[in-house]
Amino acid sequence: MRICDLTTLYIDGGEGGVNTYLTEKARDLAERSDCEHIIIVPGARSERRQLFSTTVYTVKSPRLPSNPQHRVLANIREVKRILRQTQPDLVEVDCAYFLAQVARSALPNVPIVGFYHVHLPTFIARPRASRLGPLFAGAAERMTWRYVDLCNKSCDRVVVTSTPIRDRLIQVGFKVPLEQVQLGVNLDLFSPRETERREGPCELLYVGRLSREKDIPVLIDAFKALTPRGDYRLTIVGDGPVREELVQQAGGDRRVRFLGRIPYGAALAARYREADLLVVPSPNETFNLTVLEGLASGLPVVAVRQGGPRELVSPEIGALAHPSDPTDLARSIETVAQRAIPSETCREHVAARSSWSRTFDRLLEVYEDARGARGVTSGLASSGRIARQ
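For clarity, every value in this text was computed on a predicted model and none was experimentally measured. (Residues numbered from 1 in each chain as written. Predicted model: local features only at pLDDT ≥ 70, side-chain atom pairs only at ≥ 80, totals over all residues. Heavy atoms only, no water.)

What follows deals with the pattern of salt bridges. Evaluation of the coordinates by the stated rule reveals 25 salt bridges. Between Asp361 and Arg32 there is a salt bridge; the shortest N-O distance is 2.9 Å. One end of the pair, Asp361, is in helix α13 (residues 356–373); the other, Arg32, is in the loop between α1 (17–29) and β2 (36–43), with 329 residues separating them in the sequence. Taking relative accessible area as the criterion, Arg32 reaches 2% and is therefore assigned buried. In this structure, the salt-bridge partner of Asp253 is Arg255, at a minimum N-O distance of 2.9 Å. One network of salt bridges, in which partners are shared, links Arg157, Glu179, Arg362 and Glu365. (Salt bridge = Lys/Arg side-chain N within 4 Å of Asp/Glu carboxyl O. Helix = DSSP H or I, 4+ residues; strand = E, 2+ residues; numbered from the N terminus. Buried < 20%, exposed > 50% of the residue type's maximum accessible area, 1.4 Å probe, protein only.)

Attention now moves to α13. Its 18 residues give α13 an end-to-end C-alpha distance of 26 Å, which sits within 8% of 26 Å, the value for a rise of 1.5 Å per residue. Listed as buried for α13 are Trp356, Thr359, Phe360, Asp361, Leu363, Leu364, Val366, Tyr367, Glu368, Ala370 and Arg371. A positive phi of about 75° marks Gly375, the residue just after α13. (Expected span 1.5 Å × (residues − 1).)

Right, let's talk about the sheet that holds strand β15 (residues 301–304) for a bit. Reading across from one edge, β13-β12-β11-β14-β15-β16 is the order of the six strands in this open sheet, with parallel pairing throughout. Only two strands of the sheet have a single partner each, and these edge strands are β13 (256–260) and β16 (318–321). If you compare each strand with its neighbour and ignore which way they point, the axes differ by 20° on average. Here four bridges tie strand β12 (residues 232–237) to β13, and the two strands are oriented parallel to one another. Considered in β13, the bridge of Ile236 is made with Phe258. Sheet contacts for helix α7 (residues 216–226): β11 (202–207), β12, β13 and β14 (277–279); angle to β12, the most-contacted strand, approximately 165°. Here helix α9 (residues 266–274) sits on the sheet and contacts β11, β12, β13 and β14; the angle it forms with β11, its principal contact strand, is near 145°. (Pairing = 2+ DSSP bridges. Axes fitted to C-alpha atoms, helices over the stretch in contact; angles between N-to-C directions. Contact = heavy atoms within 4.5 Å.)

Right under this line is the structure:
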């Protein structure tokens, strides 16, 4: 089966959950003998390159004014040309843009599977509109839901990664069939430190984009509330449009370190191993891969009680705080830090259920179902699985 991933959420020259997903997908599919993989993403220039055995087409695209790290796949003609040239058997698109319609126009008979990476009603509408009052916020959220419906109406299936997001879509009457697929973590790359925890301050870690929807100011306020009560340090890994605001908020406190972007790989895994506790303050996550990366690295996790992390973080490996509440976040961090949860407990929590191979086994089943619904036969083994080499 020839699979095409078509997404505008990829960050050219940056880091993010979609980048990680595509990297690990390319790694996994390279080991499956009956599978070809194509990726089409926006970038600073148009080029073609290889990622494992995957062919990656980068299409020169303009930056998104509100978030310059992101680019928009505006050259629809070029996207259609690549689709028609490569002739995939199935196209996976992100659900945040009109790429399903683009794929359907280029390949009318090919199954299209949407991937719900971003929950736009909370990611975009609510944080901005709520500052202008509840009436405007409600109207903006309703408009965003209509936009979501338009983006997904050409999909045969839509993949969600968590039960809270699936339940919310069902609640609002989402019309496209939903399939739930949990994302994974590279268990070879992310692993606990081999030595016992050192004496000294408790190092809190944040990993992710420094953008407004991530609620990082809440984390910094929580850290300020914690420091009179204990010995803590905060390390922030990532870059983004609100970095300077966050540096100013930290006020020159040497206990807060901004390390900038660390590429996905060994250096990032080493940074996890040096920390004591991972904090995820964002209330706008459909899943959040850093939770799994932290747990695989032996770190307990404090996140918020909204979105994907609600079903990833259980009491035995961390805590959930109220969204956008620095006081409760500080209390949760302090409680988890004092419990000294063993790294083996955190690691075991994800090791048995969250490998990338399990993710892509399940995703390929979804692909086969989508093809079968359109009367397409794959020629694969009767089990419906793609064989590994």
